[in-house]
Amino acid sequence: MDPLSKALGEIRRVLDDEFFQESVKRAAGHAEEKVPDILDSHPYLKELAREVRRVKEEVISNLDYYIEEAMKSIERIGGKAYLASDASEAREIVGRIVGRGKLVVMSKSMTAEEIGLREYLESLGNEVWETDLGQLLIQLEGGKPMHSVAPAIHLSRERVASLLREKLGFEVPEGARPEDMVRMVRSFLRSKFERADVGISGANAIAAETGSIVLVENEGNIRLVTGLPPIHIALAGVEKIVPTLMDAIKVALVQAAYDGLYPPNYINVISGPSATADIEHVRVRGAHGPLQLHVVLLDNGRLEASRNQLLREQLRCIRCGRCQWECPVWQHTANLWGGPAYGGPMGVIWTAITMGVDAAAGLSMLCLGCRRCDYVCPVEIPLSRILLGLKRIYAHGLLGGQG
Amino acid sequence: MASASPLKALLEFLRDSTLRVGLPVPLPMEEIYSWALPLRLPRMGSVILYTGALYQLMPYIESLTRYLSALEGSRVSDTLLRLARILIATPKLTRTLLAPEPARVERARRILTNISRLLSSSGVAHAYPYEDDLYSGVLLYDLGLDDAFAEVAGRVYRKLKEHGASTVITVDPHTTNILRNVYPSYVDGFDLEVVNYLEVLSRAAEESRIRLRGLVSEAVIHDPCFYARYLHIIDEPRKILERSGVKVLEPRRSREATYCCGGPVESVAPRLASKIAETRLKELAEKSKNVVVLCPICYTNLSRANKLGLRILDIAEVVEAEVPGSGSPQ
Ligand code: SF4
């Protein structure tokens, strides 16, 4: 079935689902009000967003150069860097590092979702756990994350309780409160963190200058995923590279603010594997944190997009999800509109970048062209203009070039 | 590629109808211009009132959408295609088949008549192109049919020039935006000044060239996306309403943050369009039972979903020129 008909079918099923509609709208409504408040109370954020826009533009214009610089820097500080040209190559690289029969903990990563990493590692016979609570619920449900930052907004507490009962065997009493369930999940995942062989994370930004990875979060699971297991693998799209560590921190701050979570609880900076020189000043790699750090940079259409006039500006995206919160279509469909991994206005375009224009062009027909997204994007991506370009491609295809 | 879908049939229908008849729904042209006959507007002039047919078309597009809603999710494109060809060849038949509510057709005529009167009362003389008041092609552009759109844009421009236009007054956000912001990159040598009647009217009211009166005492305003975020026509309607004595209430999402009425996806996903309209209506209703809209697409889409019994009115149904000695507003 073509992507548009498929999406329309899925959307039709949720349009009359009261709970789905209400919870998506409630979450979006909060974000719509919270973000302007945050921006008003911390006026420097808009300036930071402008700086992020500028450095992202610089990197997109010289992507090959920055990939090379980032890889050199990562190796210089004792990490291993890889460049995967497509999803299957990325899966294989990660698969080779992980091996079989291992225990793997993951922190939420849209890039991992993009390449189907969890499913692949499971197929190799590994035990794999998502550790972001929302993403874990998605894993248990077997569905698709419904928002880049808040993946499980469509699940009620009753649904969460029954997932925990059915899939994890928890004894969740009737009428359990969210805090009770969070506590159960926490103690369940603690045992996984302690024994995990490998931790896999994404990255909000990678500094070409220092090879540092920056990750922003609120749950605290990323610090555990990237800190406890002996091996840490970070998977990131090449567009996550920025020139300096300072730029990378700015990305993290802007991402958190425009998602409506500011100040963020934690920002993690990871520059190479852990090390100590406390015994006779001999430098030993691997102290309390991981012994190995692998950084897998993913191309998967991004380099080509950086040279494509229609798509290139989307590479500035820092995945804050604000265009999703604000989009009237998204507020009624969540990520059921956008493609297999990504959703909303930015999702359609990311699908075009990572799966090809044919997989996304039809989906653009659901864009209202209302421009709410353009108005709120921190890095001023002209989303509705790009979507209009995709509509053209679709209409031409549909009418055999007689648009 | 999706070979035979209802969407394909629809796109072809809109394209062929606009190219052949000058309207996205094939109707006799008098449906578009008959409102102007009693006003005896001149055919030629440097200032042309160009409606782009949107107000007049909406009642027909609404009935067409009802048919499409019934077909949503089905695959009956062959029949549709054959029917579409017959309709394009016989505009009178289309009018009969679509049979919109007479009150809706009448309403569009009344609105345009009032707009023309408001302009005249402001001292802005204008001509009207009658059978050349063609559709601007907005829908073709929005749906990605830009080759056909380019052809339509060129034709509309030539016709307006033939009527002597150097300034064009537009009456809805979509036609205003397409002429002001899009035509210049599709039509070689495009040299028309495009002004919107709300801009003309708010200036005239400010300069006291016209006295206005309102027909309701208060209303919540629904900014259309294209005025708010494409054209920045935001303060003008507010000034006009206030000068008319209408108290303007702001909904939760207003001005640049205004919410879409859902209309633009009506042809692709009618149910989704209605849901978006319902969401918007709920927050408008929090402020007032009277809703003022500024766009015929907003009117149609919000009215279709109006289960809350709101009174939805176009700004040109709420405001009129006060003729000296005609008494005070109700
Ligand atoms: S497109 Fe802009 S608003 Fe949307 S997720 Fe990316 S950075 Fe955020």
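Residues numbered from 1 in each chain as written. Chains lettered and ligands numbered in written order. Predicted model: local features only at pLDDT ≥ 70, side-chain atom pairs only at ≥ 80, totals over all residues. Heavy atoms only, no water.

Structural notes on the interface of chain A and chain B
Part 1 of the argument: Taken together, the contact pairs 39 residues of chain A with 44 residues of chain B.
Part 2 of the argument: Between the two partners, chain A and chain B, sit six salt bridges.
Part 3 of the argument: Between A:E33 and B:R252 there is a salt bridge, with the nearest N and O atoms lying 2.9 Å from each other.
Part 4 of the argument: Summed over the shared surface of chain A and chain B, the result is 19 residue pairs in polar contact (both at pLDDT 80 or more).
Part 5 of the argument: Ranked by residues supplied to the side of chain A that touches chain B, first place goes to helix α19 (residues 383-398) of chain A with nine residues. (Contact = heavy atoms within 4.5 Å. Salt bridge = Lys/Arg side-chain N within 4 Å of Asp/Glu carboxyl O. Polar contact = N/O pair within 3.5 Å; in protein donor to acceptor, adjacent residues only side chain to side chain. Helix = DSSP H or I, 4+ residues; strand = E, 2+ residues; numbered from the N terminus.)

Comments concerning the sheet that holds strand β7 (residues 290-293) of chain B
Residue and element names in this part refer to chain B.
Part 1 of the argument: Here four strands make up an open sheet; going across it, the order is β6-β5-β7-β8 and the pairing parallel. Two strands in the sheet have a free side with no partner beyond their single neighbour: β6 (247-249) and β8 (311-314). Looking at each pair of strands side by side, their axes are set apart by 40° on average, direction ignored.
Part 2 of the argument: Two strands pair when backbone bridges link them, and β7 and β8 are joined in this way by four bridges, in the parallel orientation. If you follow V292 over to β8, its bridge partner there is L313. (Pairing = 2+ DSSP bridges. Axes fitted to C-alpha atoms, helices over the stretch in contact; angles between N-to-C directions.)

Observations concerning the environment of B:R203
Part 1 of the argument: Mapped onto the secondary structure, B:R203 falls in helix α10 (residues 197-206).
Part 2 of the argument: Note on B:R203: relative accessible area 43%, which makes it partly exposed. (Buried < 20%, exposed > 50% of the residue type's maximum accessible area, 1.4 Å probe, protein only.)

With respect to unusual backbone geometry
Part 1 of the argument: Cis rather than trans, the peptide bond between A:Y262 and A:P263 has omega equal to 0°.
Part 2 of the argument: We note that A:N300 has phi near 45°; this positive angle belongs to a residue other than glycine.
Part 3 of the argument: Of note, the phi angle at B:A53 is positive, near 70°, even though the residue is not glycine.
Part 4 of the argument: Tracing the backbone shows B:A53 in the loop between β1 (47-49) and α3 (54-71).

A short note on the sheet that holds strand β12 (residues 292-298) of chain A
Residues and elements named next belong to chain A.
Part 1 of the argument: Strand order in the open sheet formed by six strands is β1-β12-β7-β4-β2-β3, and the pairing between neighbours is parallel. A single partner strand is all that each edge strand has here, and the edge strands are β1 (80-84) and β3 (127-130). Adjacent strand axes in the sheet meet at a mean angle of 20°, parallel and antiparallel pairs treated alike.
Part 2 of the argument: For strand β7 (residues 231-237) and β12, the ladder comprises seven bridges, and the chain directions are parallel. Bridge assignment links I231 to a residue of β12, and that residue is Q292.
Part 3 of the argument: Sitting on the sheet, helix α10 (residues 178-195) touches β2 (103-106) and β3, and the angle it makes with β3 is about 125°.

Quick notes on the site of the ligand
Part 1 of the argument: If you check the shell around the ligand, you find 13 residues, and the closest are A:C317, A:C320, A:G321, A:C323 and A:C377.
Part 2 of the argument: Residue composition of the shell around the ligand, by class: 10 nonpolar, two polar and one charged. (Near = heavy atom within 4 Å. Nonpolar A, V, L, I, M, F, W, Y, C, P; charged D, E, K, R; others polar.)

Thoughts on the domain arrangement of chain A
All names here are of chain A.
Part 1 of the argument: Taken domain by domain, chain A holds domain 1 (3-43 + 308-398) and domain 2 (48-302).
Part 2 of the argument: Computed over C-alpha atoms, the centres of domain 1 and domain 2 are 23 Å apart.
Part 3 of the argument: Contacts between domain 1 and domain 2 engage 38 residues on the former and 36 residues on the latter.
Part 4 of the argument: For the pairing of domain 1 and domain 2, the buried interface totals around 3300 Å² over both sides, and the portion due to carbon and sulfur atoms is 62%.
Part 5 of the argument: A salt bridge links E57 to R316, with the nearest nitrogen and oxygen atoms 2.7 Å apart.
Part 6 of the argument: Along the contact surface separating domain 1 from domain 2 lie 17 residue pairs in polar contact (both at pLDDT 80 or more).
Part 7 of the argument: In terms of residue class, the side of domain 1 that touches domain 2 is made up of 24 nonpolar, seven polar and seven charged. (Domains from an automatic or database assignment. Buried area = accessible area lost by both parts, 1.4 Å probe.)

Thoughts on the side chain of A:K56
Residue and element names in this part refer to chain A.
Part 1 of the argument: Note that K56 resides in helix α3 (residues 44-61).
Part 2 of the argument: Only 3.0 Å separates the side chain of K56 from the backbone oxygen of E239, close enough to count as a polar contact.
Part 3 of the argument: Apart from the residues lying within four places of it in its own chain, the contact partners of K56 are E239, K240, V242, V251, L315, R316, C317 and I318.

Some thoughts on the packing of aromatic side chains
Part 1 of the argument: Summed over all chains, the structure comprises 15 aromatic pairs over all chains.
Part 2 of the argument: Pairing A:W325 with A:W330 gives two aromatic rings, centres 5.6 Å apart and planes at 85°, and the pair type is edge-to-face.
Part 3 of the argument: An aromatic cluster of at least three residues, connected via ring pairs, comprises B:Y141, B:F149, B:Y157, B:Y183, B:Y186 and B:F190.
Part 4 of the argument: The ring of B:Y259 carries B:R253 above its face, with NZ or CZ at 3.9 Å from the centroid. (Phe/Tyr/Trp six-rings, centres within 6.5 Å; stacked < 30°, edge-to-face > 60°. Lys NZ or Arg CZ within 6 Å of the ring centre and 35° of its normal.)

Side note on the confidence of the model for chain B
Part 1 of the argument: Chain-level statistics for chain B give a pLDDT mean of 92 and a share of 93% at 70 or above.
Part 2 of the argument: Note on the complex model: pTM 0.94, ipTM 0.93. (pLDDT = per-residue confidence, 0-100.)

Topic: helix α5 (residues 87-98) of chain A
All names here are of chain A.
Part 1 of the argument: For α5, built from 12 residues, the straight-helix expectation of 16 Å at 1.5 Å per residue is met to within 8% by its first-to-last C-alpha distance of 16 Å.
Part 2 of the argument: Here α5 has its buried residues at A87, A90, I93, V94, G95, I97 and V98.
Part 3 of the argument: For α5, the side-chain oxygen to backbone nitrogen distance between the N-cap and S88 is 3.3 Å, and the N-cap itself is D86.
Part 4 of the argument: Of the residues flanking the end of α5, it is G99, one or two places downstream, whose phi is positive at about 80°. (Expected span 1.5 Å × (residues − 1).)

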